[in-house]
Amino acid sequence: MPTNIKPVTNADTSPVIDMTGIKKSFYIGTKNELEVLHGIDLTVMPGEFLSIVGQSGSGKSTLMNIIGLLDKPTSGSYILNSSDISLDSDEDTSHIRNKEIGFVFQTYNLIPRMSALKNIELPMLYAGVHGKARKERAEELLELVGMTERMQHTPDELSGGQKQRVAIARALSNNPSIILADEPTGALDSKTGHVIMDIFHKLNEEKGITVVLITHSHELASETQRIVTLSDGLFIDNPELSYSDNMTKGI
Amino acid sequence: MLLSENIKMAIHQLKANKLRTFLTMLGIIIGIASVIAIITVGDAMTKSVMNSLNSMGTNNIEFYLTSKSTTDKDGNVETTGVERDMKDSDYFTDKMMTSLKDSFGDRIAGISLSAELANGKATQGQKYARIAIKGLNSYALTQKKLTILAGAPISDRDQNASSKVALVSDRYVQNMYGQNADLKSVLAKHVEMVSGSSYYSYTIVGVYKYSEDQNKMMTGEASNGSGKNLQTDCYIPLSVAQQALHSDALYGDFTVIAGTTDDATQLKDDISKYLNQHFYENNDAYMADGYSMQADIKQSGEMMGTLKLAISAIAAISLLVGGIGVMNIMVVSITERTREIGTRKALGATNRSIKMQFIIEALVICLIGGIIGMILGSVIGIAISKMIGFVAVPSISSVVISLLFSMGFGVFFGYYPASKAAKMNPIDALRYE
Ligand SMILES: Nc1ncnc2c1ncn2[C@@H]1O[C@H](COP(=O)(O)OP(=O)(O)OP(=O)(O)O)[C@@H](O)[C@H]1O
Ligand SMILES: [Mg+2]
């Protein structure tokens, strides 16, 4: 049974994310259709820190990509910041991704051969922010993630944790309303993972940014306000079940 | 996103992989360079050949006497007239000249008549200078377009009075009176030459500037070195030469200068017809015929144009290959940068800005390649032209055309890969392994 887990706080304001009956199928070959998400209902309120957990292959990334407008659901309705995005053109979805959403990937995805500063400037470049303002903002963000001294370094000169900090700064550059982080600490050791998590907590608490996090780590998930568990393309009530074996690996 | 940002980004990207960028550019460089070099050399050659042909006179029509003959169906020439040597009554006469001028009016700008008298060494004590004495009528003299350095040209009065006067070249003066001789000092002195049993002596009235080009053009061979005692022309009135030759006003050939260039070919036919009808109808062996350079010039101009086009087309193929090289590299680069494209889309790049980014990248490669190729091609073209003895000036039009062309190539060959990149689904691009 799909369960819509209601947020505890901010009940009076309108949600950032409001999903109902989201289904997603992949076509593999001509006949076979693989349904990965079977009808997801999800509501996220502004200022929430939500973590999505679940077994590998349960559809977490697929859901995250739909939330982040990188992919379209096969059916269901998705209202982001009070507007229905299902009919939007490429131009519009690009614009929403640019302004409203900040992505943090497991593999960092910094643009190679571009300095940390330039990487952070990129979303502002697409937003049409002018040179000087762009640079100032990027420097500000580098300071926020504690990477000021590495400003001119290219990704191949940075450690994994440093790259992820630059990636977080980049995700923040256009003041998004949500940060989407798909296993941001998955490639880092647990100590560095905690440094990254501390940044998310700081952003959430001090700046009130909504954060949606996918993690395999029970420990990191337990630090967040709310945990939802995906199992075979559906949210389940009892998280304990899904944590049983592979969640312990992440800790 | 701003165009300048896109250009900056493209340059940054191209700098990041210098060797590949250079190798990609090489195709464009070679293509543009060869096209420009060929055009430069071709232009120089055409201009030089045309110039010399033109200065020999596009308006000039030469008339001469030829055996009466017809050509049969198989192309064999059959002589219908009697075969015999020419006698005085066969030659062109002053009467014919007058009659031509009267009949054709403005269509004839002038008739140039000349007679070669003698070649040899003019002497002055121990000193000597090689000269060719030529009798020219006043129109033939003006056709020479001489630059008079001292004295005056032969006047019409001298022509009519058959004055024994002469124009000599500055080279003659130098050979005879030393390198630094004052040209004015030779005026009123005599040119004296003995050739066979004849003795010639004329009073110098003017000194003209010897022009190597003119000489080369007229004799078909270049003179070697300025220090040599080379033969120059000594011009005297036509009637004086005729008297010395003991001939009346008879000419084996003459040159008509057409009033307008356009008329030259037609005038040639008309005059030939006129002469043959009025003066040679009853001649048993000879008739008049004409030759106009204009048809030749037109033909050689057309030929050179065709040749240039053909070679340019071959060079253009190398440009095409270069363009395909650019396209190939763009396709490879886009495949390699699939994740980057996905990331850019995730960060808010629209399809349009992705397309723009890659088109501009291709455009920058082609434009830089085009500029380098253009410079290289001009240098090579000028060098080759110089080597084969022509003066080349790279034309503004070829510069503009090559730049526009290379930009066009960039857009054309960048468009497909760029659209491919733009059309990528963001999530597929991000998941690309
Ligand atoms: N583009 C696709 N084409 C076909 N199948 C896909 C595609 N994307 C995802 N899937 C399938 O959907 C299912 C869910 O994948 P997803 O990446 O969402 O899992 P996940 O929960 O993020 O797993 P993990 O924890 O390992 O990252 C998997 O079975 C996967 O094979
Ligand atoms: Mg995943």
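Residues numbered from 1 in each chain as written. Chains lettered and ligands numbered in written order. Predicted model: local features only at pLDDT ≥ 70, side-chain atom pairs only at ≥ 80, totals over all residues. Heavy atoms only, no water.

1. Some words on the site of ligand 1
Lining the immediate environment of ligand 1, one finds 13 residues, of which Ser56, Gly57, Lys60, Ser61 and Thr62 of chain A sit closest. Nearby residues place ligand 1 at the junction of chains A and B. Within the contact set of ligand 1, an oxygen atom lies 2.5 Å away from a side-chain nitrogen or oxygen of serine 56 of chain A. Measuring from a nitrogen atom of ligand 1, one finds a side-chain N or O atom of arginine 431 of chain B at 3.2 Å. Burial of ligand 1 by the protein chains amounts to 70% of its free accessible area of 640 Å². In terms of residue count, the dominant contributor to the shell around ligand 1 is helix 1 (residues 60-67) of chain A (three residues). Among the residues forming the shell around ligand 1, the class breakdown is two nonpolar, eight polar and three charged. (Near = heavy atom within 4 Å. Polar contact = N/O pair within 3.5 Å; in protein donor to acceptor, adjacent residues only side chain to side chain. Areas by Shrake-Rupley, 256 points an atom, 1.4 Å probe, with all protein chains shown as cover. Helix = DSSP H or I, 4+ residues; strand = E, 2+ residues; numbered from the N terminus. Nonpolar A, V, L, I, M, F, W, Y, C, P; charged D, E, K, R; others polar.)

2. Structural notes on the packing of aromatic side chains
Residues and elements named next belong to chain B. Throughout the structure, instances matching the rule amount to ten aromatic pairs over all chains. Here phenylalanine 92 and phenylalanine 254 contribute two aromatic rings whose centre-to-centre distance is 4.8 Å and whose plane-to-plane angle is 90°, an arrangement assigned as edge-to-face. Of this pair, phenylalanine 92 sits in strand 4 (residues 92-93) while phenylalanine 254 sits in strand 14 (residues 253-258), and the two are 162 residues apart along the sequence. Both residues of the pair, phenylalanine 92 and phenylalanine 254, belong to the buried class. A network of ring pairs unites the aromatic residues Phe63, Phe92, Phe254 and Tyr280 as a single cluster. The aromatic ring of tyrosine 128 is capped on one face by lysine 121, whose charged end is 4.5 Å from the ring centroid. (Phe/Tyr/Trp six-rings, centres within 6.5 Å; stacked < 30°, edge-to-face > 60°. Buried < 20%, exposed > 50% of the residue type's maximum accessible area, 1.4 Å probe, protein only. Lys NZ or Arg CZ within 6 Å of the ring centre and 35° of its normal.)

3. Comments concerning the confidence of the model for chain A
Residue and element names in this part refer to chain A. Considering every residue of chain A, the mean pLDDT works out to 88; 90% of them sit at 70 or more. The model gives residues 1-11 a pLDDT under 50, and that stretch makes 23 contacts with residues more than four places away or in other chains. Confidence over residues 240-251 falls short of pLDDT 50; this stretch has 21 contacts with residues more than four positions distant or in other chains. (pLDDT = per-residue confidence, 0-100. Contact = heavy atoms within 4.5 Å.)

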